[in-house]
Amino acid sequence: MNKQKKMAVKTILTNISVYLILFIFILPFLWMILASFKNQQQILDTSNLFVFTPNFENYVSVFTQYAFMDFIVNSFLVAAASTFFGLLLGLPAAYAIAKYKQSGLGLLILIARIVPGISFLIPWFIIFSRLELIDTYTALTLSHMLVTMPFIIWVMIPFFESLPGELEESARIDGCTTTGAFIRVILPISGPGIVTASILAFIFSWNNFMFSLILAGEQTKTLPIAIFNFLSYSEINWGGLMAASVIITLPVLIIALFMQRFIIAGLTGGAVKG
Amino acid sequence: MSYWIDKHIKWIYPLPAVLFVGLMMVFPIGYTFWLSFHEWSMSNVTPPLWVALENYKALFQDELFRESLWITFYFTVVAVAIQMVLGILLALLMNAQIIGKGLVKTLFLLPMIATPVAVGLVWVLIYEPNVGVANIFLQALGLPVQEWLASPDLVLPSLILIDVWEWTPLIALIVLAGLVTLPKDPYEAAIVDGASRWQVFWNITLPLLKPTIYSAVLLRLIDALKTFDIIYATTNGGPGTSSQTLNIYGYVLGFQYFQIGKASALLMVFFAIVLSLSILVIVLRKKAGASL
């Protein structure tokens, strides 16, 4: 009885500590949301942190004054395209690497994930300038694909390896070609792996800053660049900046709420499997 | 035709991906390597001029380069060390009956999946000396206010704090996933032997987690070395050059001063550092895995 009580107390204490730590970690987000409902005066007035009349001015101005709808569309198009083409190139590659144990190619993909993006930024800028592709979706999608595709392959190799080999064999006996078996048998049962890979690929592209900084322009400006530009005004519009930050974070938060399991699998998978 | 494809599928399937990586990564890195032996300001009129090893010589005599090398290592090592310790502790805490564990995990995901530039700018507001909540907090405790990101002495610790905030949950989730897969037998034996909790952690849990921890360290070391978004958005290497990492210095040299040759030389050195560190950790991890 006494031991049970001790266990219960321990569980309660552990819960309290975990929730306390969690609170500290989400504090910056709470701060961001709070500030997004304040006007400049209310933000600069530090005597009243929590008591203020909330208003939506910042959200309105972000869309009317700064044309954020365009940036949302740009970010979404680039993320969707680079995820789609990343899958198109990555899935067959991952399948072949897994099936034929091509560890050399696996290593090339690992290196593509490790290499600092900045080491090919200058040539990209030169080449895309020559091709007059700066400020186009093409350049942005191609550059973001160097993030999405290696990630997709990296997630999918262990997934394909874990599938039983007989699956493809039996499809082949039924008269399928390898490609037919891959499309009709392998891909449909690879749903969870593909979802994991696509969600994170999409988020990585959505968040990408460095590549867009060089390759985006007025026509194709993505959200991270648009948000960063807030700093260049002489007086920083904190409320607008925070509202913009809420807008860029919201889709990621929603994806996280519904797809938590997949995201954790994708982010931690490689490490635990070792 | 389809028979031919079937026969060579081993090469046809990966070919587009390999070509893509070749065109978008291998060729540009070769280009950067080539540029690192030239002097050029990205001008259309004056083509790159061959200067052999001059850029590398200039680089190693450059005080700022040595400073950025030190800043990069300081930032990386301290940040990763802190988040490893905190992450493992958090994982141990979370490896219990937690109410609403799914939601807790989801919320812990936020710092690492939210857009770095956006959270970086939220931290700029938090650290703002006059209106930021960091100083309001210090004042409430009766402590002297700080300049945070604007202070040459405090800028690196402030950036490290952001990185720790961003990535500690990842370590916790990785270690937590590793904890779940651990075998139960050694623990039962330890309880029978009357081992203390600390002994169990130190002699059983930690050694069993070694491969997981090595992987997490590898992942974080490489990413921390390459940290760009947070630093560029919050300080752009400043104040002065106090937080100018290799990544930022390379960017500044290339895209603000247009010293393409010197920037390329720096980027090749950076590339070599990241790659050799990765190989080193992979080899170490294989050794650790083999000895288990």
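Residues numbered from 1 in each chain as written. Chains lettered and ligands numbered in written order. Predicted model: local features only at pLDDT ≥ 70, side-chain atom pairs only at ≥ 80, totals over all residues.

(A) Here's a closer look at the overall build of chain A. Assigned secondary structure in chain A consists of 13 helices and 0 strands. When the helices and strands of chain A are placed in sequence order, the string is α-α-α-α-α-α-α-α-α-α-α-α-α. At 23 Å, chain A has a C-alpha radius of gyration far larger than the 19 Å of a compact globule built from 274 residues. Its C-alpha atoms give chain A principal-axis dimensions of roughly 75 × 75 × 30 Å. A total of 274 residues make up chain A; the buried ones form 43% of that total. (Helix = DSSP H or I, 4+ residues; strand = E, 2+ residues; numbered from the N terminus. Rg over C-alpha atoms; globule rule 2.2 N^0.38 Å. Buried ≥ 20, exposed ≤ 12 C-beta atoms within 10 Å, placed from the backbone.)

(B) Region of the structure containing the overall build of chain B. A count of helices and strands for chain B gives 14 helices and 2 strands. The globule rule puts the C-alpha radius of gyration for 292 residues at 19 Å, and the 24 Å found for chain B is more than 25% above it. For the C-alpha atoms alone, the extent of chain B along its principal axes is close to 80 × 75 × 35 Å. With 292 residues in all, chain B has 41% of them scored as buried. Put simply, of all contacts in chain B between residues at least 6 apart along the chain, 69% involve residues at least 24 apart. (Contact = placed C-beta atoms within 7 Å.)

(C) Local environment of the UniProt feature "transmembrane region" (unreviewed entry) in chain A. Residue and element names in this part refer to chain A. Using the residue numbers shown here, the UniProt feature "transmembrane region" (unreviewed entry) corresponds to residues 12-34, 71-98, 105-127, 139-160, 181-206 and 238-258. Split by type, residues 12-34 is 100% helix and 0% strand. Its first and last C-alpha atoms lie 30 Å apart. Split by type, residues 238-258 is 100% helix and 0% strand. Its first and last C-alpha atoms lie 30 Å apart. (UniProt positions renumbered as here; feature names shortened; annotations may be inferred.)

(D) Region of the structure containing the UniProt feature "domain: ABC transmembrane type-1" (unreviewed entry) in chain B. In the numbering used here, UniProt assigns the "domain: ABC transmembrane type-1" (unreviewed entry) feature to residues 69-281 of chain B. The span residues 69-281 of chain B is 75% helix and 0% strand, and its two end C-alpha atoms sit 19 Å from each other.

(E) Representation of the interface of chain B and chain A in the model. Across the boundary between the two partners, chain B contributes 82 residues, which contact 74 residues of chain A. A breakdown of the residues in the side of chain B that touches chain A according to their chemical character gives 61 nonpolar, 16 polar and 5 charged. (Nonpolar A, V, L, I, M, F, W, Y, C, P; charged D, E, K, R; others polar.)

(F) Representation of the environment of B:Val217 in the model. Residues and elements named next belong to chain B. Structurally, Val-217 is set in helix 11 (residues 197-225). For Val-217 and Val-80, which are 137 residues apart along the polypeptide, the C-alpha to C-alpha distance reads 7.3 Å. Dropping the residues within four chain positions of it, Val-217 is found in contact with Val-80, Met-84 and Val-281.

(G) Expanded view of the environment of B:Leu143. Structurally, B:Leu143 can be placed in the loop between helix 8 (133-140) and helix 9 (155-180). Here the alpha-carbon distance between B:Leu143 and B:Trp70, two residues 73 residues apart in the chain, equals 30 Å.

(H) Here's a closer look at the packing of helix 6 (residues 101-113) of chain B against helix 9 of chain B. Residue and element names in this part refer to chain B. Running from N to C, helix 6 and helix 9 point in directions that differ by 135 degrees, and their axes come no closer than 7 Å. Relative to helix 9, the element helix 6 lies oblique. Helix-helix and strand crossings are classified by hand; for helix 6 and helix 9 the assignment is left-handed. Where helix 6 approaches helix 9, its residues Lys-105, Phe-108, Leu-109, Pro-111 and Met-112 are matched on the opposing element by Trp-165, Glu-166, Trp-167, Pro-169, Leu-170, Ala-172 and Leu-173. In terms of residue class, the contact of helix 6 with helix 9 is made up of 10 nonpolar, no polar and 2 charged. (Axes fitted to C-alpha atoms, helices over the stretch in contact; angles between N-to-C directions. Parallel < 35°, antiparallel > 145°, perpendicular 65-115°, else oblique. Left-handed = near helix turned anticlockwise from the far one by under 90°.)

(I) Here's a closer look at the UniProt feature "transmembrane region" (unreviewed entry) in chain B. All names here are of chain B. Sequence positions flagged by UniProt for "transmembrane region" (unreviewed entry) are, in local numbering, residues 12-34, 69-94, 106-126, 154-179, 200-222 and 263-284. As annotated, residues 12-34 comprises 91% helix and 0% strand, and the C-alpha atoms at either end are separated by 31 Å. This span, residues 154-179, is 96% helix and 0% strand, and a straight line between its end C-alpha atoms measures 36 Å.

(J) Seen up close, helix 5 (residues 103-114) of chain A. When the terminal C-alpha atoms of helix 5 of chain A are compared, their 16 Å separation across 12 residues agrees well with the 16 Å that a helix rising 1.5 Å per residue should span. Along helix 5 of chain A, the residues classified as buried are A:Leu105, A:Leu108, A:Ile109, A:Ala112 and A:Ile114. (Expected span 1.5 Å × (residues − 1).)

(K) Looking closely at the nonpolar core. Ranked by internal contacts, the top residues of the largest apolar core, which has 156 residues, are A:Ile153, A:Ile227, A:Ile263 and B:Leu266. With 16 residues, the top contributor of residues to this core is helix 13 (residues 238-273) of chain A. (Core = buried A, V, L, I, M, F, W, Y, C linked by C-beta atoms within 7 Å.)

(L) Molecular detail of unusual backbone geometry. Residue and element names in this part refer to chain B. A cis amide bond links Gly-238 to the next residue, Pro-239, at an omega of 0 degrees. Relative to the elements of secondary structure, Pro-239 occurs in the loop between helix 12 (229-234) and helix 13 (246-255). Of note, the phi angle at Trp-148 is positive, near 50 degrees, even though the residue is not glycine. Structurally, Trp-148 is set in the loop between helix 8 and helix 9. A tally of 24 C-beta atoms within 10 Å means that Trp-148 is categorised as buried.

(M) Fine view of the packing of helix 5 (residues 63-94) of chain B against helix 11 of chain B. Residues and elements named next belong to chain B. Where helix 5 contacts helix 11, the two axes come as close as 9 Å, and the packing angle between them is 145 degrees. The two elements helix 5 and helix 11 meet at a crossing, and its hand is right-handed. Where helix 5 abuts helix 11, its residues Thr-72, Phe-75, Thr-76, Ala-79, Val-80, Gln-83 and Met-84 lie against Val-217, Arg-220, Leu-221, Ala-224 and Leu-225. Here the contact of helix 5 with helix 11 is composed, by residue class, of 8 nonpolar, 3 polar and 1 charged.

(N) Broad picture of the confidence of the model for chain B. All names here are of chain B. Across chain B, the average pLDDT comes to 90, with 98% of residues at or above 70. Within chain B, the element-level pLDDT minimum falls on helix 1 (residues 2-7), averaging 76, and the maximum on helix 5, averaging 96. The ipTM for the predicted assembly is 0.91, set against a pTM of 0.92. (pLDDT = per-residue confidence, 0-100.)

(O) Region of interest: the confidence of the model for chain A. Per-residue confidence for chain A gives a mean pLDDT of 89; residues scoring 70 or more make up 97%. Of all helices and strands in chain A, the one with the weakest mean pLDDT is helix 8 (residues 166-173) of chain A (79), whereas helix 4 (residues 68-99) of chain A scores best (95).

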